[in-house]
Amino acid sequence: MYEWVEHTAEVELHVAAESREAVFAEALAAFAELVSRDDRGERVEHEVTAEAQDDATLLAAWLDELVFLAETEDFVPERLERLQLDGTRLRAVAAGHRGRPAHLVKAVTYHGLEFARNGGVWRAKVVLDV
């Protein structure tokens, strides 16, 4: 489950999931919703790798890669095909299409960045500069 919380010139993504991996999948789904338009182009897949010092910064790096692909490849993600987390390393394959993504995201910020397990639920928060 994810939800967007609006701020002036920013949007804040809150994610709650049953597993660490599901947080990354939900973040992709949320980003896809944010940049998706109705146009459908050529089907594509992108392999994404990222490494960071902890889960929170790994989540930011993951979203940074998706922003980069949207900006440089006109990639509109639709689903996560594969995800492997090895400590603070991520290797994934994101499937989607070439299109005209809504280029809303300027940057993924570290302001208020969170990623932790609370009880049986993994929760994350990340702010995007739009």
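These figures come from a predicted structure and were not determined experimentally.

J.: I would appreciate a short explanation of the sheet that holds strand β5 (residues 89-98) in the present structure.
T.: Picture the strands of a sheet paired through backbone hydrogen bonds; they go either parallel or antiparallel. Pairing is antiparallel across the open sheet formed by three strands, whose spatial order is β3-β5-β4. In this open sheet, the two edge strands, each paired with only one partner strand, are β3 (43-51) and β4 (75-86). Going from strand to strand, the sheet's axes swing by 20 degrees on average, the running direction of each strand aside. Judged from the ten bridges that link them, β4 and β5 form a sheet pairing that is antiparallel. By the bridge assignment, Leu85 is partnered in β5 with Leu90. Together, β3, β4 and β5 form the strand contacts of helix α2 (residues 55-73), whose direction differs from that of β3 by roughly 145 degrees.

J.: Looking at this structure, I do not really get the nonpolar core. What am I missing?
T.: A general trend in soluble globular proteins is that nonpolar side chains are found buried together. In this structure, Leu59, Trp62, Leu63 and Leu90 are the most contacted members of the largest nonpolar core, which totals 40 residues. Secondary structure elements with two or more residues in this core: β2 (10-17), α1 (20-35), β3, α2, β4, β5 and β8 (121-129). In terms of residue count, the dominant contributor to this core is α2 (eleven residues). Contacts of Leu90, omitting those with residues within four sequence positions, involve Phe24, Val48, Thr49, Ala50, Leu58, Trp62, Leu83, Gln84 and Leu85.

J.: Is there a simple way to think about the packing of aromatic side chains in this case?
T.: Inspection of every chain in the model, using the stated rule, returns two aromatic pairs. An angle of 40 degrees between the planes, with centres 5.6 Å apart, marks the rings of Phe24 and Phe115 as tilted. Taken together, the positions of Phe24 in helix α1 and Phe115 in strand β7 (residues 114-118) put the pair 91 residues apart, joining distant regions of the chain. Per residue, the accessibility class of Phe24 equals that of Phe115, and both read buried. Note on Phe115 and Trp122: the rings are 5.8 Å apart at their centroids and 65 degrees apart in plane angle, and the pair reads as edge-to-face. The same class applies to Phe115 as to Trp122, namely buried. Feature note: the residues Phe24, Phe115 and Trp122 constitute an aromatic cluster, connected by ring pairs.

J.: I would appreciate a short explanation of the pattern of salt bridges in the present structure.
T.: When the charged atoms of two side chains lie near each other, side chains of opposite charge can form a pair. Scanning the entire structure with this criterion turns up nine salt bridges. Here Arg98 and Glu73 are joined by a salt bridge, their closest N and O atoms 3.6 Å apart. Taken together, the positions of Arg98 in strand β5 and Glu73 in helix α2 put the pair 25 residues apart, joining distant regions of the chain. We classify Glu73 as partly exposed; its relative accessible area is 33%. A salt bridge links Lys125 to Glu114; its shortest N-O distance comes to 3.4 Å. A residue pair is termed long-range when its members are at least 10 positions apart, and Lys125 in strand β8 and Glu114 in strand β7 qualify at eleven residues. Under the relative-accessibility criterion, Lys125 is labelled buried at 18%. Taken together, the salt bridges that share partners define one network made up of Arg43, Glu78, Arg79 and Glu81.

Each value, and the rule that gives it
- Residues numbered from 1 in each chain as written.
- Predicted model: local features only at pLDDT ≥ 70, side-chain atom pairs only at ≥ 80, totals over all residues.
- Heavy atoms only, no water.
- Pairing = 2+ DSSP bridges.
- Helix = DSSP H or I, 4+ residues; strand = E, 2+ residues; numbered from the N terminus.
- Axes fitted to C-alpha atoms, helices over the stretch in contact; angles between N-to-C directions.
- Contact = heavy atoms within 4.5 Å.
- Core = buried A, V, L, I, M, F, W, Y, C linked by side-chain atoms within 4.5 Å.
- Buried < 20%, exposed > 50% of the residue type's maximum accessible area, 1.4 Å probe, protein only.
- Phe/Tyr/Trp six-rings, centres within 6.5 Å; stacked < 30°, edge-to-face > 60°.
- Salt bridge = Lys/Arg side-chain N within 4 Å of Asp/Glu carboxyl O.

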